[in-house]
Amino acid sequence: ATGDAILRVSGLTAGYGAAPVLQDIELTVRTGTIAAVLGANGAGKTTLLRTLSGLVRPSAGDIVFDGRPLRDVPVEQLVRRGMAHVPEGRGVVAELTVDENLRLGGLWRRDRADAARALAEVYELFEPLAQRRRHAGHQLSGGERQMLALGRALVARPKLLLLDEPSLGLAPRVIAQIMGLLRQLRDQTGLTVLLVEQNVRSALSVADEAVVMSLGRIVTATTAGRLRDDEQLRHAYLGF
Ligand code: ATP
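Conventions adopted
- Residues numbered from 1 in each chain as written.
- Predicted model: local features only at pLDDT ≥ 70, side-chain atom pairs only at ≥ 80, totals over all residues.
- Heavy atoms only, no water.
- Helix = DSSP H or I, 4+ residues; strand = E, 2+ residues; numbered from the N terminus.
- Rg over C-alpha atoms; globule rule 2.2 N^0.38 Å.
- Buried < 20%, exposed > 50% of the residue type's maximum accessible area, 1.4 Å probe, protein only.
- Contact = heavy atoms within 4.5 Å.
- Areas by Shrake-Rupley, 256 points an atom, 1.4 Å probe, with all protein chains shown as cover.
- Lys, Arg positive; Asp, Glu negative; His and termini not counted.
- Charge placed at Lys NZ, Arg CZ, Asp CG, Glu CD.
- Pairing = 2+ DSSP bridges.
- Axes fitted to C-alpha atoms, helices over the stretch in contact; angles between N-to-C directions.
- Near = heavy atom within 4 Å.
- Polar contact = N/O pair within 3.5 Å; in protein donor to acceptor, adjacent residues only side chain to side chain.

### Details of the overall build of the protein chain
Turning to step 1, where the next piece is worked out: Within the protein chain, the regular secondary structure consists of 10 helices and 10 strands.
Turning to step 2, where the next piece is worked out: Taken against the 2.2 N^0.38 rule, which gives 18 Å for 240 residues, the C-alpha radius of gyration of the protein chain at 17 Å falls within 12% of a compact globule.
Turning to step 3, where the next piece is worked out: Seen through its principal axes, the protein chain has C-alpha atoms that stretch 45 × 40 × 35 Å.
Turning to step 4, where the next piece is worked out: For the protein chain, the proportion of its 240 residues judged to be buried stands at 50%.
Turning to step 5, where the next piece is worked out: Within the protein chain, residue pairs in contact and separated by at least 24 positions form 67% of the contacts whose partners lie at least 6 positions apart.
Turning to step 6, where the next piece is worked out: Carbon together with sulfur atoms contributes 49% to the accessible area of the protein chain, which is approximately 11200 Å² in total.
Turning to step 7, where the next piece is worked out: Placing the 30 positive and 26 negative side-chain charges of the protein chain at their respective mean positions leaves the two points 3 Å apart.

Structure representation (structure tokens):
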């Protein structure tokens, strides 16, 4: 239900070799909220998403997703359990059409009727994609590619969407549009999002909660509103 924790992370330590990148991460994300993960380049934001989605193995700590521990769950099972990861750079298949890319998101689903409904809903929500169904991925603008990556994740009807820098390389107007879509999805469908962003202002404009990372640790966790309004806090952790 809305307000319950869909994700609980405790004592999470993870990295790529001997030296950990993430250290002792504590994080709770409630159902139906947008949580922003902020912080400078190299703070470990991407590594956090990759660890949550099973691409990086933690060396310590616990991840509880939708009431069950995530330890040793194969990556493909995670998608079935409701976690969708839209990586930085988006992973749209350039040679496939918009429609084919979107259908990829629902290929594994047994409930074909609902997969078709989810696809129709994505077209309803993302008007530019509906107009370009037969266009190849490489023919799309940056903003359309980001919508396509988002749409493909939504076809799987995720319980939690992990979104890595959706604003990257987009014009301000397009960023505002993407953030507006996230807001709409949260408000209308109860979607839960963990949003990694370098674009602090855009992220705080839609987020409910915010955490700031530095050097692999969470240095502050508060509401997005407080981070928006509290100049001292912003100075201390975000440098503006
Ligand atoms: P960015 O916004 O630039 O992606 P970030 O906050 O997401 O920054 P990460 O990409 O998670 O940070 O990187 C955190 C640290 O982990 C950095 O020091 C980086 O050099 C290191 N790192 C990232 N990916 C790898 C990898 N595949 N192998 C080894 N080290 C890595």
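### Thoughts on the sheet that holds strand β5 (residues 68–69)
Turning to step 1, where the next piece is worked out: Across the sheet, which stays open at both edges, the 4 strands sit in the order β2-β1-β4-β5 with antiparallel pairing between neighbours. The open sheet terminates on both sides in strands that have one partner only, identified here as β2 (20–30) and β5.
Turning to step 2, where the next piece is worked out: The pairing of strand β1 (residues 5–15) with strand β4 (residues 58–65) spans 6 bridges and is antiparallel. For Thr13, the partnering residue across the bridge sits in β4 and is Ala60.

### Considering the sheet that holds strand β3 (residues 34–38)
Turning to step 1, where the next piece is worked out: Read across the sheet, 6 strands follow the order β6-β7-β8-β3-β9-β10 without closing on themselves; strand pairing throughout is mixed. The strands lining the two open edges of the sheet, one partner per strand, are β6 (83–86) and β10 (217–223). Neighbouring strand axes in the sheet, compared pairwise and without regard to direction, differ in orientation by 15° on average.
Turning to step 2, where the next piece is worked out: As judged from the 4 bridges shared by β3 and strand β9 (residues 209–214), these two strands associate in the parallel manner.

### Things to note about the side chain of Ser202
Turning to step 1, where the next piece is worked out: With respect to the helices and strands, the residue Ser202 is situated in helix α8 (residues 200–206).
Turning to step 2, where the next piece is worked out: Classification of Ser202 by relative accessible area gives buried; the value is 15%.
Turning to step 3, where the next piece is worked out: Ser202 has contacts with Ile175 and Met179, leaving out every residue within four places of it along the chain.

### Quick word on unusual backbone geometry
A negative phi angle characterises most non-glycine residues, just as the trans form characterises most peptide bonds.
Turning to step 1, where the next piece is worked out: A positive phi angle, close to 55°, is found at Asp66, a residue other than glycine.
Turning to step 2, where the next piece is worked out: Relative to the assigned elements, Asp66 resides in the loop between β4 and β5.

### Details of the side chain of Asp114
Turning to step 1, where the next piece is worked out: Along the chain, the position of Asp114 falls in helix α4 (residues 112–125).
Turning to step 2, where the next piece is worked out: Apart from residues no more than four positions distant in its own chain, Asp114 is found in contact with Arg109 and Arg157.

### Thoughts on the site of the ligand
Turning to step 1, where the next piece is worked out: Neighbouring residues of the ligand: 13 residues in total, closest Asn41, Gly42, Lys45, Thr46 and Thr47.
Turning to step 2, where the next piece is worked out: Gly42 is positioned such that a nitrogen or oxygen atom in its backbone is 2.8 Å from an oxygen atom of the ligand.
Turning to step 3, where the next piece is worked out: Contacts to the ligand include Lys45, whose side-chain N or O atom sits 2.8 Å from an oxygen atom.
Turning to step 4, where the next piece is worked out: When isolated, the ligand has an accessible area of 620 Å², and the protein chains bury 58% of it.

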